[in-house]
Amino acid sequence: AIGIIVKLYDKPHPTLMKTLYLIGIVFVLGEVYMSIIKRRLKIEVGPLPNVVHKGELIHLQITVRNTSFLPLPYVYLFFKESYYLVPKAIRCLCVTLAPRSKKTFSIPYEALNSGADEIGIERIVLVDYFEFARRKYKFSWSQEVAILSQVKPLKEIADLAAYVPRKESDELDE
């Protein structure tokens with residue numbers, strides 16, 4: 001690429017000059033396109049329960065809205081990694097939208113271990129169709145969720161409770 005630019009500077013060729021101008025216009029229009037789209041992208045996250053039980057599924061509701069008159073290129077949503085809450089099948093979400101449209105996604109999370117953890121979106125990246133430009137979208141959302149352990153009576157304790165002597169009602173009245 002540098003050699004072609006040096007040759008064009010040294011001795012301009014009409015076809016190569018048109019190609020160079022076309023490539024320059026594509027980059028400039030791509031930057032304008034990404035700046036318009038970045039301002040018109042809206043992301044909404046639904047509320048989650050604050051307390052869940054171990055082994056339970058919770059669903060994270062994410063709505064991606066394109067309010068622009070241009071189609072939305074690729075938007076990658078990366079979710080926070082966690083030891084306690086793990087996305088069942090999705091670690092990253094890629095979205096494209098038509099002009100003035102919206103999509104709602106439900107991402108299931110499974111509570112694997114008991115404890116407290118934050119669930120949320122780590123980062124959002126916009127990528128154009130040709131993958132020349134990448135832009136980070138400033139959006140942060142997180143919510144703390146407490147995972148309770150499953151409390152079940154042990155079989156031995158249930159068996160021992162059957163052997164506890166009970167007083168008769170006559171003895172209690174005296």
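Described in the following lines is the structure provided in the data block. (Residues numbered from 1 in each chain as written. Predicted model: local features only at pLDDT ≥ 70, side-chain atom pairs only at ≥ 80, totals over all residues. Heavy atoms only, no water.)

### A look at a nonpolar patch on the surface
Put simply, the rule reads: A residue counts toward a patch only above 30% relative accessible area and without a salt bridge, and it is joined to like-charged neighbours within 9 Å or, for Val, Leu, Ile, Met, Phe, Trp and Tyr, to nonpolar neighbours within 5 Å. The protein chains shown are the only cover counted for residues, whose accessible areas, like all others here, come from Shrake-Rupley with a 1.4 Å probe. Salt bridges are defined by distance alone: a side-chain nitrogen of Lys or Arg within 4 Å of a carboxyl oxygen of Asp or Glu. For the purposes of this entry, the term helix denotes a DSSP run of H or I that reaches at least four residues, the term strand denotes a run of E that reaches at least two, and both are numbered from the N terminus.
Where nonpolar side chains cluster on the molecular surface, the patch consists of L22, I23, V26, F27, Y129, F130 and F132 and spans about 740 Å² of accessible area. Position of Y129 among the secondary structure elements: in the loop between β8 (115-127) and β9 (134-137).

### Some words on the state of the cysteines
Where two cysteines share a covalent bond between their sulfur atoms, that bond is called a disulfide. Put simply, the rule reads: A pair of sulfur atoms, both from cysteines and within 2.5 Å, is called a disulfide here.
A full pass over the atoms with the stated rule returns zero disulfides. C94 supplies the cysteine sulfur nearest to C92, a cysteine that is in no disulfide, at a spacing of 7.0 Å.

### A look at the sheet that holds strand β7 (residues 101-111)
This is how the line gets drawn: When DSSP finds two or more bridges between a pair of strands, those strands are recorded as paired. Helix axes are fitted to C-alpha atoms over the stretch in contact, other axes to C-alpha atoms as well, and angles between N-to-C directions run from 0 to 180 degrees.
In spatial order, the strands read β1-β3-β7-β5; together these four strands make up an open sheet with antiparallel pairing. Each edge of the sheet is formed by a strand with only one pairing partner; in this case those strands are β1 (41-45) and β5 (85-87). For this sheet, the mean angle separating the axes of adjacent strands, direction not counted, is 30°. Where strand β3 (residues 57-66) lies against β7, 10 bridges are found, and the strand directions are antiparallel. Paired with T63 across the strands is T104, a residue of β7.

### Considerations on helix α2 (residues 14-40)
Here is the rule we go by: Expected helix span is computed as 1.5 Å times (number of residues minus one). The rule is simple: take the accessible area with a 1.4 Å probe, protein chains only, and divide by the maximum for that residue type; under 20% is buried, over 50% is exposed, in between is partly exposed. Note on contacts: a residue pair qualifies if any of its non-hydrogen atoms lie within 4.5 Å across the two residues.
Here α2 is 27 residues long and its end C-alpha atoms lie 39 Å apart, about the 39 Å a rise of 1.5 Å per residue gives. Taken as a whole, α2 has its buried residues at G30, Y33, M34 and I37. Against the buried residues of α2 lie β1, β4 (72-79), β8 and β9.

### A look at the nonpolar core
What counts, and what does not: To form a nonpolar core, buried Ala, Val, Leu, Ile, Met, Phe, Trp, Tyr and Cys residues must be joined to one another through side-chain atoms within 4.5 Å.
L60, I62 and L77 are the most contacted members of the largest nonpolar core, which totals 33 residues. Mapped onto this core, the elements with two or more residues apiece are α2, β1, β3, β4, β6 (92-97), β7, β8 and β10 (141-148). Dropping the residues within four chain positions of it, I62 is found in contact with I43, E44, L77, F79, K103, T104, F105, I107 and I121.

### Some thoughts on the packing of aromatic side chains
Think of a pair of aromatic rings as described by two things: how far the centres are apart, and how the planes are tilted against each other in angle. Selection criterion: A pair of aromatic rings is counted whenever rings of Phe, Tyr or Trp (Trp by its six-membered ring) have centres within 6.5 Å, and the orientation is called stacked for planes under 30 degrees apart, edge-to-face for over 60 and tilted otherwise. Ring-over charges, as used throughout, are those where CZ of Arg or NZ of Lys falls within 6 Å of the ring centre and within 35 degrees of the ring normal.
According to the stated counting rule, one finds four aromatic pairs in the structure shown. Between Y33 and Y129 the ring centres are 6.4 Å apart and the planes differ by 35°, which places this aromatic pair in the tilted class. Here Y33 is found in helix α2, whereas its partner Y129 is found in the loop between β8 and β9, with 96 residues between them in sequence. By relative accessible area, which is 17% here, Y33 ends up buried. Residue classification places Y129 among the partly exposed residues on the basis of a relative accessible area of 39%. Aromatic pair Y83 and Y84: ring centres 5.2 Å apart, planes at 80°, arrangement edge-to-face. On the accessibility criterion, Y83 (57% relative accessible area) is exposed. The structure contains a cluster of three or more aromatic residues connected by ring pairs, namely Y33, Y74 and Y129. Of note, R123 hangs over the ring of F78, and the distance from its end group to the ring centre comes to 4.2 Å.

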